Amino acid sequence: MKTPILGSAYVARSVNAADNRMVNLFPEIVPEGGKEPAFLQRAPGLTTLATIGNGPIRGLWTFGSYGYAVSGSTLYRIDSNWNAVAKGNVGGTGPVSMADNGTQLFIAANPQGYIYNVSTNVFQQITDPDFPGASTVGYIDGYFTFNEPNSQKIWVTQLLDGTSVDPLEFASAEGNPDNVVAVFVDHREVWVFGTNSTEVWYNAGLLDFPLARIQGAFNELGCAAPYSIAKMDNQVYWLGKDARGQGIVYKAAGYIGQRVSTHAIEWQMQEYADLTDAVGYTYQQDGHSFYVLNFPSANTTWVYDVATGAWHERASLNNGDFNRHRANSQMFFNDTTVVGDYQNGKIYDFDLNVYADDGAPQKWLRSWRALPTGANNLTRTIQHALQLDCETGVGLNSGQGSDPQVMLRFSDDGGHTWSNEHWKSMGAIGKYGKRTIWRRLGATMKIRDRVYEVSGTDPVRIYIMGAELAISGTSA
């Protein structure tokens, strides 16, 4: 019988209900003509492009023919050969928000603001006495727009000049008496996120302050983390909060927030001690658009795939344990998906053809219930063999991965305790007929609810089309 290894991450509050973990793997749907309706493939690995300063990489941006990185306390300009030149000092230690107007790059470092002018090669802190500080920044129709920290106010700079602020060029988001968390520009509209509400503004060309609210574009959903906001696939994504709670991920459907997280993901997130430090970014590979959400204080990374609507975990490996993924920010520069490290100054190529993280092992893992939903009648079963339907013969010429291994564990109490690891080969290079199969897996015990888990660390490609389980029943 086919055992349901395909799917997404869904570990419920009770593992007896669902224990489907998926780390560094994501599904792809096969619309027609496939062996199975979907398959699992390995998440991209990391290859160092350059080390930019001492780190961490607090933000990445690209415009013109250069990339820009805030690493530690310094802004760097990066050329197409990955050479970096320091341009100026940036205050603070947390993530930064950036935007450009084609000539100037505005860096909001909460509360400081900085401008780098690419035409004059001048970097400067914004010292206009009317500048109140900036938490986040966006660009619309020649203006930089930003939110004043710890207030309801949003501002614009002078037209095409981020160094100058008029004392009358502000307005208050007053649809709800909550402070503005962040501003975010999408499709020439300014999304103003509060702690418990969101409203959308547009450029109405008004005197003093050019922006005006869009009637009917008020939403009683706020934002829990200012740096969780990102856009992809023509939609805005964010980690939500409102007067009733927090910890739901939304995407914009028109001006309405549409829930995309699952109950299992929401339970995980709401267990975290702090959601305000969540950092989100997006990227696209092979037609998959991914929203990546890092939780620094929880040491965890979750990823949503628009193509399938499925969630999975991303993780780095440290002393055998999963940690948050190393990538903390993203830009597409030099025809490369570039991500920055949250601990040091490295920027990486995010590459689906690389199966390690900067030379360190990348561990992938999938756990799932042996029996399909509704098929467990609570009687004991004898599970004779499990065969992993995967691409075999993927070994390397030498070294680790020359005989790549898959590790199997199983649990007979729904996922509470686990067996020892049982290792099987995926086949040396060219051994495409190799069968990855475990035999004599015994009878289910205890609550008669077996969960399987497969994992691996060898630096080889992973494609899993399914799994076949040979099983027979016994009496209750």
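Procedures and definitions
- Residues numbered from 1 in each chain as written.
- Predicted model: local features only at pLDDT ≥ 70, side-chain atom pairs only at ≥ 80, totals over all residues.
- Heavy atoms only, no water.
- Phe/Tyr/Trp six-rings, centres within 6.5 Å; stacked < 30°, edge-to-face > 60°.
- Buried < 20%, exposed > 50% of the residue type's maximum accessible area, 1.4 Å probe, protein only.
- Helix = DSSP H or I, 4+ residues; strand = E, 2+ residues; numbered from the N terminus.
- Lys NZ or Arg CZ within 6 Å of the ring centre and 35° of its normal.
- Pairing = 2+ DSSP bridges.
- 1 Å grid on protein atoms, 1.4 Å probe; cavity = no way out; pocket = protein on both sides within 12 Å on 5 of 7 lines; lining within 4 Å.
- Points joined across faces, edges and corners; volume = space filled by probe spheres on them.
- Nonpolar A, V, L, I, M, F, W, Y, C, P; charged D, E, K, R; others polar.
- Core = buried A, V, L, I, M, F, W, Y, C linked by side-chain atoms within 4.5 Å.
- Patch = residues over 30% accessible without salt bridge, like charges linked within 9 Å, V, L, I, M, F, W, Y side chains within 5 Å.
- Areas by Shrake-Rupley, 256 points an atom, 1.4 Å probe, with all protein chains shown as cover.
- Salt bridge = Lys/Arg side-chain N within 4 Å of Asp/Glu carboxyl O.
- Axes fitted to C-alpha atoms, helices over the stretch in contact; angles between N-to-C directions.
- Contact = heavy atoms within 4.5 Å.

> So what exactly am I meant to see when it comes to the packing of aromatic side chains here?
For any pair of aromatic rings, the description rests on two quantities: the centre-to-centre distance and the angle between the ring planes. Considering all chains together, one arrives at 27 aromatic pairs under this definition. For the pair Phe-146 and Trp-155, a centre-to-centre distance of 6.4 Å together with 5° between the ring planes defines the contact as stacked. A relative accessible area of 0% means that Phe-146 is categorised as buried. Take Trp-155: its relative accessible area is 5%, and that puts it in the buried class. Between Tyr-237 and Tyr-304, the ring centres sit 6.1 Å apart and the planes meet at 45°, which makes this aromatic pair tilted. Highlighted residues: Tyr-237 in strand 25 (residues 235–242) and Tyr-304 in strand 30 (residues 300–305), separated in sequence by 67 residues. Relative accessible area serves as the criterion here: at 0%, Tyr-237 is assigned to the buried category. Under the relative-accessibility criterion, Tyr-304 is labelled buried at 7%. Each residue in the set Phe-106, Phe-131, Tyr-139, Phe-144, Phe-146, Trp-155 and Phe-170 is aromatic and connected to the rest through ring pairs, giving one cluster. Here the basic side chain of Arg-77 rests over the ring of Tyr-66, its NZ or CZ set 4.1 Å away from the ring centre.

> Which parts of the structure should I look at to understand the pairing of strand 7 (residues 57–63)?
Look at any regular strand and the pattern is simple: side chains alternate between the two faces of the sheet. Among the seven residues that make up strand 7, five are buried, leaving the element largely enclosed by the rest of the structure. Bridge analysis of strand 7 against strand 8 (residues 66–71) gives six bridges, and the strand direction is antiparallel. Along strand 8, the bridge assignment pairs Ile-57 with Ser-71. Where strand 7 hands over to strand 8, the hairpin turn is made up of two residues, of which Gly-64 adopts a positive phi near 65°.

> In this structure, what is going on with the layout of surface pockets? I would like to understand it.
Over the atoms rolls a probe the size of a water molecule, and its path tells where empty space is left. There is about 900 Å³ of room inside the largest pocket. Around the largest pocket sit 36 residues that line it, and Trp-61, Met-98, Phe-184, Ile-229 and Ala-230 are the ones nearest its centre. Residue assignment for the lining of the largest pocket shows that the elements contributing at least two residues are strand 7, strand 11 (97–100), strand 15 (137–140), strand 19 (180–186), strand 24 (230–232), strand 28 (279–285) and strand 34 (327–333). Residue composition of the lining of the largest pocket, grouped by class: 21 nonpolar, 10 polar and five charged. Roughly 350 Å³ of volume is contained in the second largest pocket. Looking at the second largest pocket, it is lined by 19 residues, and the ones nearest its centre are Ala-17, Arg-369, Leu-371, Pro-372 and Thr-373. A breakdown of the residues in the lining of the second largest pocket according to their chemical character gives 10 nonpolar, five polar and four charged.

> Would you take a moment to explain the pairing of strand 15 for this structure?
With four bridges connecting them, strand 15 and strand 16 (residues 143–147) associate as antiparallel partners. Opposite Gly-138, over in strand 16, you have Thr-145 as the bridge partner.

> What am I meant to see in the nonpolar core here?
Most often, soluble globular proteins have nonpolar side chains that are buried together. In terms of nonpolar packing, the biggest core is built from 45 residues, with Leu-239, Met-269, Phe-295, Leu-386 and Tyr-452 touching the most fellow members. The next biggest cluster of nonpolar side chains, apart from the first, holds 15 residues, and it includes Val-181, Phe-184, Phe-193 and Ala-252.

> Explanation requested: a nonpolar patch on the surface in the structure shown.
Together, Tyr-139, Leu-159 and Leu-160 make up a nonpolar patch on the protein surface, roughly 290 Å² of accessible area in all. With respect to the helices and strands, Tyr-139 occurs in strand 15. Exposure remark for Tyr-139: the relative accessible area of 30% places this residue in the partly exposed category.

> So what exactly am I meant to see when it comes to the sheet that holds strand 7 here?
Hydrogen bonds along the backbone pair up the strands of a sheet, which may run parallel or antiparallel. What the four strands build is an open sheet, ordered 7-8-9-10; its pairing is antiparallel. Because the sheet does not close on itself, it has two edges, and the strands there are strand 7 and strand 10 (84–89). Sheet twist, expressed as the average angle between the axes of neighbouring strands with direction ignored, equals 25°. Examined bridge by bridge, strand 8 and strand 9 (residues 74–78) share five bridges and lie antiparallel to one another.

> Whenever I open this one, the pattern of salt bridges confuses me. Can you help?
Here the idea is simple: oppositely charged side chains can pair when their charged atoms come close. The full count for this structure, using the stated rule, is 14 salt bridges. When the shortest N-O distance is used, the salt bridge between Glu-36 and Lys-2 registers 2.9 Å. A residue pair is termed long-range when its members are at least 10 positions apart, and Glu-36 in the loop between strand 4 (25–29) and strand 5 (38–42) and Lys-2 in the segment before strand 1 (10–11) qualify at 34 residues. Of the charged contacts in the structure, one is a salt bridge between Asp-242 and Arg-244, with a shortest N-O distance of 3.5 Å. Note on Asp-242: relative accessible area 14%, which makes it buried.

> Explanation requested: the environment of Ala-134 in the structure shown.
Mapping Ala-134 onto the fold places it in the loop between strand 14 (122–125) and strand 15. Residue classification places Ala-134 among the buried positions, given a relative accessible area of 0%. The spacing of Ala-134 and Ala-182 is 48 residues in sequence and 9.4 Å in space, taken between C-alpha atoms. Excluding residues that lie within four positions of it along the chain, Ala-134 makes contacts with Phe-106, Ala-108, Ala-109, Asn-110, Pro-111, Gln-112, Phe-146, Asn-147 and Pro-149.

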